[in-house]
Amino acid sequence: MSGIEPNGVALAVFAAAFAACCFAFFTIAGMFPLSARPRALAGLPGMALVVVNLVLLILLLAEVLLYAGQTLRWTSIVIFGGLIFLFVPSIFTIIPNGWRDSRGGLALLGAVQLAAIALLPAPLHLSLS
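Residues numbered from 1 in each chain as written. Predicted model: local features only at pLDDT ≥ 70, side-chain atom pairs only at ≥ 80, totals over all residues. Heavy atoms only, no water.

**Student:** Describe a nonpolar patch on the surface, listing the residues and the values that go with them.
**Tutor:** A contiguous nonpolar surface patch, about 680 Å² in accessible area, is contributed by Trp74, Val78, Ile79, Leu83, Leu86 and Phe87. Its location among the elements puts Val78 in helix 3 (residues 74-92). (Patch = residues over 30% accessible without salt bridge, like charges linked within 9 Å, V, L, I, M, F, W, Y side chains within 5 Å. Areas by Shrake-Rupley, 256 points an atom, 1.4 Å probe, with all protein chains shown as cover. Salt bridge = Lys/Arg side-chain N within 4 Å of Asp/Glu carboxyl O. Helix = DSSP H or I, 4+ residues; strand = E, 2+ residues; numbered from the N terminus.)

Given below as structure tokens:
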């Protein structure tokens, strides 16, 4: 494995954080246009959850890309990122629609994104400021 990517820990962190990005992307993509949101997310609180998750997704994606660029070979980023993006939809469909399209589901997704942002190594947080 060291011939492919010498930094296995960074690759595992990238894989977990990028998988969270992909799950968030597929969930939030189903919420647009805002008029097409599920009934459980109608109204201002539902729209606020969608917007908060969208902002978290953008922040997480930027942080994951910065982290990957600083720690991994570009070939590892392309290959493993592509594999994750390819296989996450099949795992995504296992989650029931009623749960995924609810306020609780979006709140949990936001918590997962916040955890992924917080768990990326601290030196990266310093480079963002």
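That was the structure; now back to the text.
**Student:** I'd like a description of the layout of surface pockets, backed by residues and values.
**Tutor:** Where empty space is left can be seen by rolling a probe of water-molecule size over the atoms. Of the volumes computed, that of the largest pocket is approximately 200 Å³. Forming the boundary of the largest pocket are Ala19, Ala20, Phe23, Thr27, Phe92, Ile95, Trp99, Arg100, Gly105, Leu108, Leu109 and Val112. Going through the elements one at a time, helix 1 (8-29), helix 4 (97-100) and helix 5 (103-119) are the ones with two or more residues in the lining of the largest pocket. For the lining of the largest pocket, the class distribution of residues is 9 nonpolar, 2 polar and 1 charged. (1 Å grid on protein atoms, 1.4 Å probe; cavity = no way out; pocket = protein on both sides within 12 Å on 5 of 7 lines; lining within 4 Å. Points joined across faces, edges and corners; volume = space filled by probe spheres on them. Nonpolar A, V, L, I, M, F, W, Y, C, P; charged D, E, K, R; others polar.)

**Student:** Can you break down the nonpolar core residue by residue, with the values?
**Tutor:** By size, the foremost hydrophobic cluster in this structure holds 28 residues, and its most contacted members are Phe14, Phe18, Leu60 and Val64. Those elements that provide at least two residues to this core are helix 1, helix 2 (44-71), helix 3 and helix 5. Examining the composition of this core, we find that 11 residues originate from one element, helix 1, more than from any other. Not counting residues up to four positions away in its chain, the partners in contact with Phe14 are Val64, Tyr67, Ala68, Leu72, Ile77, Phe80 and Gly81. (Core = buried A, V, L, I, M, F, W, Y, C linked by side-chain atoms within 4.5 Å. Buried < 20%, exposed > 50% of the residue type's maximum accessible area, 1.4 Å probe, protein only. Contact = heavy atoms within 4.5 Å.)

**Student:** Outline the environment of Leu60, listing residues and values.
**Tutor:** Within the secondary structure, Leu60 is located in helix 2. The exposure class assigned to Leu60 is buried, which follows from its relative accessible area of 0%. Between the C-alpha atoms of Leu60 and Pro6, which are 54 residues apart in sequence, the distance is 24 Å. Every residue in contact with Leu60, bar those within four places of it in the chain, is listed here: Ala17, Ala20, Cys21, Gln113, Ala116 and Ile117.

**Student:** Tell me what's going on with the side chain of Gln113, and back it up with residues and numbers.
**Tutor:** Mapped onto the secondary structure, Gln113 falls in helix 5. The class for Gln113 is buried, based on a relative accessible area of 0%. Discounting residues that sit within four places of it in the chain, Gln113 has contacts with Ala24, Asn53, Leu56, Leu57 and Leu60.

**Student:** An account of the packing of aromatic side chains is needed here, citing residue identities and associated values.
**Tutor:** Taken as a whole, this structure holds 5 aromatic pairs when the rule is applied. A ring pair is formed by Phe14 and Phe18, whose centres lie 5.6 Å apart and whose planes are at 10°; its orientation type is stacked. One end of the pair is Phe14 and the other is Phe18, both in helix 1 and 4 residues apart, which spans about a single turn. Residue Phe18 is classed as buried on the basis of its relative accessible area of 13%. Centre to centre, the rings of Phe26 and Phe92 are 5.9 Å apart; their planes meet at 45°, and the pair counts as tilted. Pair noted here: Phe26 is in helix 1 and Phe92 is in helix 3, with a separation of 66 residues, a long-range link. Its relative accessible area of 21% is what places Phe26 among the partly exposed residues. Members of the aromatic cluster, connected to one another through ring pairs, are Phe25, Phe26, Phe85 and Phe92. (Phe/Tyr/Trp six-rings, centres within 6.5 Å; stacked < 30°, edge-to-face > 60°.)

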